[in-house]
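These are the residues of each chain, in order.
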Amino acid sequence: MINVRLMPGPGLLDGRELRRSVREVAGTQDGVQHVYAEVGADGADLVLFVSASTQAAAHAAARRVVTRSLRVESLRGWAIRDSTGD
């Protein structure tokens, strides 16, 4: 389980749209099994459940997927604040 906190961008966004955007850019090689998202006025919290051989590999995959998702038009201007892995 990898937690990623996003700083808000200029556009309005809801959790459903954020989850969809993340899932759309995740490939089978990324190992993303499930995405949970909550969006508030101060940003968004993502939780990605990633299947990987190590925690470090899961964390790297989650960051890659979230970074790719930030290129989606509706997420432009949003940025990763921090991320942690459990």
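Data block above holds the structure.
In every chain, residue numbers begin from 1 and rise along the written sequence. Given that this is a predicted model, residues contribute local features only at a pLDDT of at least 70 and side-chain atom pairs are listed and counted only at 80 or more, while totals for whole chains, interfaces and linings are drawn from all residues. Where side-chain values are given, they derive from all heavy atoms of the structure, hydrogens and water being excluded.

Chemist: Please explain the overall build of the chain as it appears in this structure.
Modeler: For the chain, the helix and strand inventory stands at 2 helices and 4 strands. A run of H or I in DSSP counts as a helix once it spans at least four residues, and a run of E counts as a strand once it spans at least two, with each numbered from the N terminus. Put simply, the chain runs from its N terminus to its C terminus through helices and strands in the order β-α-β-β-α-β. Radius of gyration: over C-alpha atoms. The globule rule applied is 2.2 Å multiplied by the number of residues raised to the 0.38 power. Relative to the globule expectation of 12 Å for 86 residues, the C-alpha radius of gyration of the chain, 12 Å, shows essentially globular dimensions. Across its three principal directions, the C-alpha atoms of the chain cover 35 × 20 × 15 Å. Looking at the chain as a whole, 36% of its 86 residues are labelled buried. Residues are treated as being in contact if the distance between any of their heavy atoms lies within 4.5 Å. By sequence separation, contacts in the chain at least 24 residues apart represent 67% of the contacts at least 6 residues apart. Computed with the Shrake-Rupley method and a 1.4 Å probe, the accessible areas treat only the protein chains shown as cover for residues. Of the roughly 4,800 Å² of accessible surface on the chain, a fraction of 52% belongs to carbon and sulfur atoms. Residues scored as positive are Lys and Arg, those scored as negative are Asp and Glu, and His as well as the terminal groups of each chain are ignored. Charged side chains are reduced to one point each, which is NZ for Lys, CZ for Arg, CG for Asp and CD for Glu. With 11 positive and 10 negative side-chain charges, the chain shows a spacing of 5 Å between the two charge centroids. For the exposure calls, accessible area comes from a 1.4 Å probe over protein chains only, and a residue counts as buried if that area is under 20% of its type's maximum, exposed if over 50%, partly exposed in between.

Chemist: What is the right way to read the nonpolar core from this model?
Modeler: It is characteristic of soluble globular proteins that their nonpolar side chains tend to be buried jointly. Val4, Leu6, Leu18, Leu46 and Leu48 are the most contacted members of the largest nonpolar core, which has 22 residues in total. If you list the elements that add at least two residues to this core, you get strand S1 (2–7), helix H1 (15–25), strand S2 (32–40), strand S3 (43–50) and helix H2 (55–69). A total of 5 residues in this core trace back to one element, the largest contributor, which is H2. Setting aside anything within four residues of it in sequence, one finds Leu6 in contact with Leu18, Asp42, Gly43, Ala44, Leu46, Val66, Leu70, Trp78, Ala79, Ile80 and Arg81. In plain words, nonpolar cores are sets of buried Ala, Val, Leu, Ile, Met, Phe, Trp, Tyr and Cys residues tied together by side-chain atoms within 4.5 Å.

Chemist: I'm lost on the side chain of Asp30 in this one. Help?
Modeler: Positionally, Asp30 belongs in the loop between H1 and S2. Definition of a polar contact: a pair of N or O atoms within 3.5 Å, with one able to donate and the other able to accept a hydrogen when the atoms are protein atoms, and with sequence-neighbouring residues admitted only if both atoms are side-chain atoms. At 2.4 Å, the side chain of Asp30 forms a polar contact with the side chain of Arg68. Among all residues touching Asp30, those that are not within four sequence positions of it are Val25, Val50, Ser51, Ala61, Arg64, Val65 and Arg68.

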